[in-house]
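Spelled out, the chains give:
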Amino acid sequence: MTKIEVTVDGAKYADDVEPRMLLVHYLRERLGKTGTVVGCDTSNCGACTVHVDGRSVKSCNMLAVQADGHEVTTVEGLAQDGELHPVQKAFHECHALQCGYCTPGMIMQSIDLLNDNPNPSEEEIRTGLEGNLCRCTGYHNIVKAVQTAAGGAQ
Amino acid sequence: MTATGTRARTRGGVGESAARPDGGLKVRGEFAFSSDLWMEGMLWGATLRSPHAHARVEAIRTEAALAVPGVFAVLTHEDVPGVNAYGLEHRDQPVLAHDRVRYQGEPVALVAADHPETARRAAALVEVDYAELPPVTDARAAVRGECEPLHAGGNTVRHVRIRRGDPTASAPVVVTGEYEVGMQDQAFLGPESGLAVPAADGGVDLYVATQWLHVDRSQVAYALGLDEELVRITLAGVGGAFGAREDLSMQVHACLLALRTGRAVKMVYSREESFFGHVHRHPAWMRYEHGADETGRLVYVRAEIVLDGGAYASSTPAVVANAATLGAGPYAVPNVAIDCHGAYTNNPPCGAMRGFGAVQAAFGYESQMDRLAEAVGVDPAEIRVLNGLTQGDHVATGQEVDSAAPVAELVRRVRDMPLPPPTGTDLRSLPGGVANTTHGEGVRRGVGYGVGIKNICFSEGFDDYSTARVTVQVVGDAPVASVHTAAVEVGQGVVTLQEQIARTELGIARVRVETADTRVGSAGSTSASRQSYVTGGAVQAACREVAAELVSRASIASGADPATLSLDADHVVDLSGRRVASVVDLLGGEEVVERTVEWRHRPTTTLDPETGQGSAHVQFAFAAHRAVVDVDVELGLVKVVALDCAQDVGRALNPGAVLGQVHGGSAQGLGLAVMEEIQVVDGLVRNPSFTDYLIPTVLDMPPMQVDVLELADPHAPYGLRGVGEPPTISSTPAIVAAIRAATGLPLARVPVRPEHLTGT
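No experiment lies behind these values; they were computed from the predicted model shown.

**Quick word on the overall build of chain A**
Phase 1 of the analysis: Within chain A, the secondary structure is distributed over five helices and five strands.
Phase 2 of the analysis: For chain A, the succession of helices and strands along the chain, N to C, is β-β-α-β-β-β-α-α-α-α.
Phase 3 of the analysis: Relative to the globule expectation of 15 Å for 154 residues, the C-alpha radius of gyration of chain A, 15 Å, shows essentially globular dimensions.
Phase 4 of the analysis: Taken along its principal axes, the extent of the C-alpha atoms in chain A is 45 × 30 × 25 Å.

If you want it as structure tokens, here you go:
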């Protein structure tokens with residue numbers, strides 16, 4: 001067991017974890033942060049995407065011990081005082097989700113993309129979301145939601 | 001798309017792109033998917049599966065697994081208390097294998113343990129002695145009776161024979177072709193999962209992601225040897241379905257473990273296990289012959305279709321019926337002879353996937369329409385316009401199409417949409433993308449068309465109904481309507497629709513849709529594009545009964561003729577919109593008005609066993625696609641540049657949701673066209689992961705132009721037409737036609753792979 005100290009969605013946690021434990025399992029099983037979901041186990045789908053120190057990471061692709069001393073944000077930590085983050089709001093309003101399983105990862109990746117590039121072209125949005133799979137929407141409205149969120153931030 | 005013809009002015013009603021009630025939870029990460037369920041003290045289940053496609057099971061030893069600390073139970077076929085069999089139409093599939101395994105991945109033993117890893121490790125310690133048998137893998141040989149029978153009754157699950165007009169008709173222009181469709185996976189993102197909780201009354205409560213709660217219940221109860229009342233199923237959050245959850249996966253297994261251990265048991269499949277844990281789209285082999293006059297007008301269609309159902313029947317009988325009855329496509333054809341067989345083999349079981357039967361046949365008949373266009377020298381769009389079904393025509397089963405069938409119009413609309421700009425110079429927009437595989441040399445552009453037909457709702461005389469319980473009561477000085485059905489929300493938006501219908505019919509703004517469960521009557525399956533139609537119809541009917549009661553009370557109180565009264569904005573109003581009474585006053589505080597309605601669409605008939613003639617379908621739906629592709633002919637890489645669609649939806653109850661279905665369905669058809677296939681060799685799956693089974697990414701899927709027609713079907717609630725499946729049917733042949741146009745290659749198999757294009 002290895003002791004880690006990690007900040008998740010603004011709260012500090014100190015836990016003993018097995019060195020082989022994945023960050024996504026730590027979030028889901030230890031902290032009950034089930035908003036971050038597992039879709040593929042092989043880092044293809046991106047459903048488990050979170051932010052570590054503000055950058056997007058597929059949390060199935062990182063060990064919990066690697067998060068020691070770092071700040072993790074999940075989809076559950078985005079809303080402030082009950083107000084949805086602009087990207088969350090855009091996904092809801094643009095019908096950018098159906099089953100919603102890809103949504104947490106898509107939102108986290110979209111925020112990272114907009115942090116890098118506040119006014120992306122459609123091509124840049126598509127390139128930025130390439131690592132996140134959606135099976136329901138055909139991506140059309142997801143791209144629209146990111147464009148809407150970018151426009152709203154201007 | 002506008003909201004015409006309804007009387008409601010209450011916002012968020014039918015015809016509006018109302019927001020999803022679960023959308024806020026889903027963007028916050030607060031929506032509970034079945035894999036998120038948790039109960040204090042619960043155990044975790046794991047499944048041991050057959051590594052062989054076909055083998056005799058000679059012995060199973062569980063001692064080593066039971067000896068693992070933390071293991072609470074290890075179960076085999078001997079522990080199934082009821083009948084060890086399940087299945088949607090034929091109960092031919094063991095809950096746990098007994099003396100034989102018929103496919104790779106067939107469940108053999110179950111373990112419950114206090115940790116998921118312990119459960120998996122213990123499952124691996126269950127010792128099974130197999131005697132391998134040669135697998136039956138050739139569906140055509142299987143239906144010809146050339147292989148060892150895998151089930152009593154032989155290896156043909158079903159044969160449907162269609163004979164219309166003169167089956168031996170001849171024509172001056174004849175085109176023939178053989179076509180194949182590979183095995184597609186639904187690839188929903190949320191793997192199979194659920195939680196079974198043993199109850200004090202000897203029953204069990206199951207929380208699960210599924211598509212059809214009541215048929216799950218009857219199968220679970222049958223296997224557990226329990227009365228159905230003792231099996232209570234509640235829908236847990238569903239991470240996509242697309243047909244793959246219509247059959248059982250872990251439902252019986254989790255209940256068996258829970259009842260044995262007396263503890264709640266959770267099961268969650270990994271992605272790899274998911275590939276073995278659900279049915280797939282039937283691979284198909286098809287031989288088509290089309291005869292036409294010199295102008296291209298169809299004289300006859302003859303076809304032979306073989307669908308590989310794999311080891312167990314699942315929904316193969318219905319898939320065979322769809323492929324056969326829709327096998328001539330959305331065209332008026334006077335003479336038809338089609339034979340469609342569904343086979344038992346030792347390949348993975350195949351069953352429901354979006355558009356089943358119709359998807360496979362469409363690749364065949366649409367490929368043929370392009371060959372015919374070439375043979376008579378007309379444009380591919382024109383050949384479809386010339387032969388397209390219209391209202392009043394008859395399909396291959398002799399059934400009259402008695403509502404809109406705007407095939408020609410749909411084709412014209414996609415044909416006339418603006419084309420994308422010519423092949424660009426930006427490397428990212430070329431086939432191969434940022435891999436920098438070409439600077440444009442060897443890249444050819446092609447345009448292709450596809451049209452499809454789909455039956456909506458269940459066919460062939462099935463008693464296809466849904467149940468809705470609608471309640472109105474006062475909560476906090478305002479009326480609240482509650483809608484309770486067992487209709488499964490898989491992402492398509494039936495929860496939104498139920499709210500919209502209640503707002504429109506009751507004129508009440510505050511509507512609550514209860515969690516779907518088996519405490520209310522069946523809603524039927526979330527499949528066959530049927531929930532808007534059937535559960536929509538049930539909710540509409542139940543709301544109208546509640547509304548009639550409220551109007552009746554207002555009429556008695558006011559003396560007004562009830563025919564002049566309706567509900568709007570929480571009041572009963574007269575024809576001028578003047579408020580006659582408030583719903584709050586009519587309910588008088590504590591009272592609850594509740595109505596439950598079981599609603600059916602008009603009946604259908606069975607097919608004549610000799611001729612396949614009959615009015616077997618409730619409604620037909622049509623979509624057309626135009627695809628534009630760039631193909632790097634040297635490397636065999638395809639970039640779908642545009643995939644535009646026109647579809648008639650009768651009436652768009654939620655235009656935003658309709659577009660979402662068109663986008664998503666088209667993307668799945670794109671996947672089948674150019675990338676998606678479960679590769680099976682000697683009955684063994686070679687690519688059970690998202691690393692090796694590719695689905696379209698955001699870069700594979702182009703932005704779409706979508707034209708939605710609303711030609712109301714007078715037989716359907718609000719005039720609606722099922723939406724979900726048609727876009728999946730026509731996008732595949734359109735894309736392949738575009739690749740053929742770019743390359744000049746015949747391309748008779750999907751998915752089209754690079755080696756098919758380069759000849760390597």
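**What to know about the overall build of chain B**
Phase 1 of the analysis: Looking only at helices and strands, chain B features 17 helices and 29 strands.
Phase 2 of the analysis: For chain B, the C-alpha radius of gyration of 27 Å lies close to 27 Å, the compact-globule estimate for 760 residues.
Phase 3 of the analysis: Based on the C-alpha atoms only, the size of chain B along its principal axes is roughly 75 × 75 × 55 Å.
Phase 4 of the analysis: When the 760 residues of chain B are sorted by exposure, 61% land in the buried category.
Phase 5 of the analysis: Taking all contacts inside chain B whose residues are at least 6 apart in sequence as the whole, residues at least 24 apart take part in 80%.

**Description of the pairing of strand β13 (residues 284–292) of chain B**
All names here are of chain B.
Phase 1 of the analysis: Burial analysis of β13 places seven of its nine residues in the buried class, which makes it a mostly covered element.
Phase 2 of the analysis: Where strand β8 (residues 173–181) and β13 come together, nine bridges link them in antiparallel fashion. Within the sheet, the bridge partner assigned to V175 lies in β13 and is H290.
Phase 3 of the analysis: Here β13 runs beside strand β14 (residues 298–308); their pairing, made up of nine bridges, is antiparallel. If you follow R287 over to β14, its bridge partner there is E304.
Phase 4 of the analysis: Where β13 hands over to β14, the hairpin turn is made up of five residues, of which G296 adopts a positive phi near 100 degrees.

**A closer look at the domain arrangement of chain A**
Residues and elements named next belong to chain A.
Phase 1 of the analysis: Domain parsing of chain A yields domain 1 (2–75) and domain 2 (86–153).
Phase 2 of the analysis: Placing the centre of domain 1 and that of domain 2 at their C-alpha centroids yields a distance of 21 Å.
Phase 3 of the analysis: With 15 residues of domain 1 in contact, the opposing surface of domain 2 contributes 11 residues.
Phase 4 of the analysis: Taken together, the elements giving at least two residues each to the side of domain 1 that touches domain 2 come down to β3 (49–52) and β4 (55–58).
Phase 5 of the analysis: Among the elements that line the side of domain 1 that touches domain 2, the one with the most residues is β3, at three residues.

**Some details on helix α9 (residues 358–376) of chain B**
Phase 1 of the analysis: Taking 1.5 Å per residue, 19 residues should reach 27 Å; α9(B) reaches 26 Å between its end C-alpha atoms and fits that length.
Phase 2 of the analysis: Most of α9(B) is tucked away: 15 of the 19 residues are buried.

**So, the environment of T345(B)**
Residue and element names in this part refer to chain B.
Phase 1 of the analysis: Tracing the backbone shows T345 in the loop between β15 (335–343) and α9.
Phase 2 of the analysis: Take T345: there are 30 C-beta atoms within 10 Å of it, and that puts it in the buried class.
Phase 3 of the analysis: Residues T345 and Y103, 242 residues apart in the sequence, show an inter-C-alpha distance of 8.5 Å.
Phase 4 of the analysis: When sequence neighbours within four positions are dropped, the list of residues in contact with T345 reads V136, T137, A139, A142, D308 and G310.

**Thoughts on unusual backbone geometry**
Residues other than glycine predominantly adopt negative phi, and peptide bonds predominantly adopt the trans conformation.
Residues and elements named next belong to chain B.
Phase 1 of the analysis: Cis rather than trans, the peptide bond between V750 and P751 has omega equal to -5 degrees.
Phase 2 of the analysis: Within the secondary structure, P751 is located in the loop between β29 (749–750) and α17 (754–758).
Phase 3 of the analysis: Backbone geometry places F242, a non-glycine residue, at a positive phi of 60 degrees.
Phase 4 of the analysis: Owing to 31 C-beta atoms within 10 Å, F242 belongs among the buried residues under this scheme.
Phase 5 of the analysis: You will see that A569, though not glycine, has its phi angle at about 50 degrees, which is positive.

**Concerning the interface of chain B and chain A**
Phase 1 of the analysis: Contacts between chain B and chain A engage 42 residues on the former and 43 residues on the latter.
Phase 2 of the analysis: Only α1 (23–28) and α15 (655–674) of chain B provide two or more residues apiece to the side of chain B that touches chain A.
Phase 3 of the analysis: Looking at which element gives the most residues to the side of chain B that touches chain A, the answer is α15(B), with seven residues.
Phase 4 of the analysis: Residues of the side of chain B that touches chain A, tallied by class, amount to 18 nonpolar, 18 polar and six charged.

**Notes on the sheet that holds strand β1 (residues 43–49) of chain B**
All names here are of chain B.
Phase 1 of the analysis: The strand order across the open sheet built from seven strands is β3-β5-β1-β12-β9-β10-β11, with neighbouring strands paired in mixed fashion. Only two strands of the sheet have a single partner each, and these edge strands are β3 (71–75) and β11 (231–235). Pairwise comparison of adjacent strand axes, ignoring direction, gives a mean angle of 20 degrees for this sheet.
Phase 2 of the analysis: As defined by bridge partners, β1 adjoins strand β5 (residues 107–113) across six bridges and the pair is classed as antiparallel.

**Examining the sheet that holds strand β24 (residues 619–632) of chain B**
Residues and elements named next belong to chain B.
Phase 1 of the analysis: Here we have four strands laid out as an open sheet, ordered β16-β24-β25-β28, and mixed in their pairing. Whereas interior strands pair on both sides, the edge strands pair on one side only; in this sheet they are β16 (443–456) and β28 (706–709). For this sheet the average axis-to-axis angle between neighbouring strands, irrespective of direction, equals 20 degrees.
Phase 2 of the analysis: Looking at chain direction, β24 and strand β25 (residues 637–648) are connected through 10 bridges and run antiparallel. Of the residues in β25, the one forming a bridge with H625 is C645.

**Focus on the environment of A324(B)**
Phase 1 of the analysis: The topology assignment puts A324(B) in helix α8 (residues 316–325).
Phase 2 of the analysis: The contacts of A324(B), once residues within four sequence positions are left out, are V160(B), I162(B), I305(B), I338(B), C340(B) and G612(B).

**Structural notes on the nonpolar core**
All names here are of chain B.
Phase 1 of the analysis: V111, C255, I305, V629, I735 and A738 are the most contacted members of the largest nonpolar core, which totals 308 residues.
Phase 2 of the analysis: It is helix α13 (residues 531–558) that contributes the most residues to this core, 12 residues altogether.
Phase 3 of the analysis: Ignoring any residue separated from it by four or fewer positions in sequence, one finds I305 in contact with A284, M286, A323, A324, G327, I338, C340 and A361.

**A short note on the domain arrangement of chain B**
Think of interface size as the accessible area that goes away when the parts come together; that is how it is often given.
Residue and element names in this part refer to chain B.
Phase 1 of the analysis: For chain B, the assigned domains read domain 1 (23–31 + 465–600), domain 2 (34–133 + 191–238 + 245–277) and domain 3 (284–459 + 606–758).
Phase 2 of the analysis: The gap between the C-alpha centroids of domain 2 and domain 3 is 36 Å.
Phase 3 of the analysis: At the interface, 18 residues of domain 2 touch 20 residues of domain 3.
Phase 4 of the analysis: For the side of domain 2 that touches domain 3, the residue count by class is five nonpolar, six polar and seven charged.

**What about the packing of α9(B) against helix α16 (residues 726–743) of chain B?**
All names here are of chain B.
Phase 1 of the analysis: Running from amino to carboxyl end, α9 crosses α16 at an angle of 35 degrees, the nearest separation of the two axes being 9 Å. Crossing handedness for the pair α9 and α16: right-handed. Along the contact surface, α9 presents A358, V359, A362, F363, E366, S367 and D370, while α16 presents T728, I729, S730, T732, P733, A737 and R740.
Phase 2 of the analysis: Split by residue class, the contact of α9 with α16 holds seven nonpolar, four polar and three charged.

**Focus: helix α3 (residues 116–124) of chain B**
All names here are of chain B.
Phase 1 of the analysis: Those residues of α3 lying buried are T118, A119, A122 and A123. Buried residues in α3, looked at end-on, bunch into an arc of 135 degrees, giving them a common side.
Phase 2 of the analysis: The elements touched by buried residues of α3 are β1, α2 (63–66), β3 and β5.

**Some remarks on the pairing of β11(B)**
Residue and element names in this part refer to chain B.
Phase 1 of the analysis: The alternating pattern of β11 places V231, I233 and L235 on a buried face, while none of R232 and T234, on the opposite face, is buried.
Phase 2 of the analysis: Sheet topology note: the strand β10 (residues 204–208)/β11 ladder contains five bridges and is parallel. For D205, the partnering residue across the bridge sits in β11 and is R232.
Phase 3 of the analysis: For the segment spanning β10, helix α5 (residues 213–224) and β11, crossover handedness is right-handed.

Thresholds applied
- Residues numbered from 1 in each chain as written.
- Chains lettered and ligands numbered in written order.
- Predicted model: local features only at pLDDT ≥ 70, side-chain atom pairs only at ≥ 80, totals over all residues.
- Helix = DSSP H or I, 4+ residues; strand = E, 2+ residues; numbered from the N terminus.
- Rg over C-alpha atoms; globule rule 2.2 N^0.38 Å.
- Buried ≥ 20, exposed ≤ 12 C-beta atoms within 10 Å, placed from the backbone.
- Contact = placed C-beta atoms within 7 Å.
- Pairing = 2+ DSSP bridges.
- Domains from an automatic or database assignment.
- Expected span 1.5 Å × (residues − 1).
- Nonpolar A, V, L, I, M, F, W, Y, C, P; charged D, E, K, R; others polar.
- Axes fitted to C-alpha atoms, helices over the stretch in contact; angles between N-to-C directions.
- Core = buried A, V, L, I, M, F, W, Y, C linked by C-beta atoms within 7 Å.
- Left-handed = near helix turned anticlockwise from the far one by under 90°.
- Arc of directions from axis to C-beta.
- Right-handed = clockwise from strand over helix to strand, strands pointing away.

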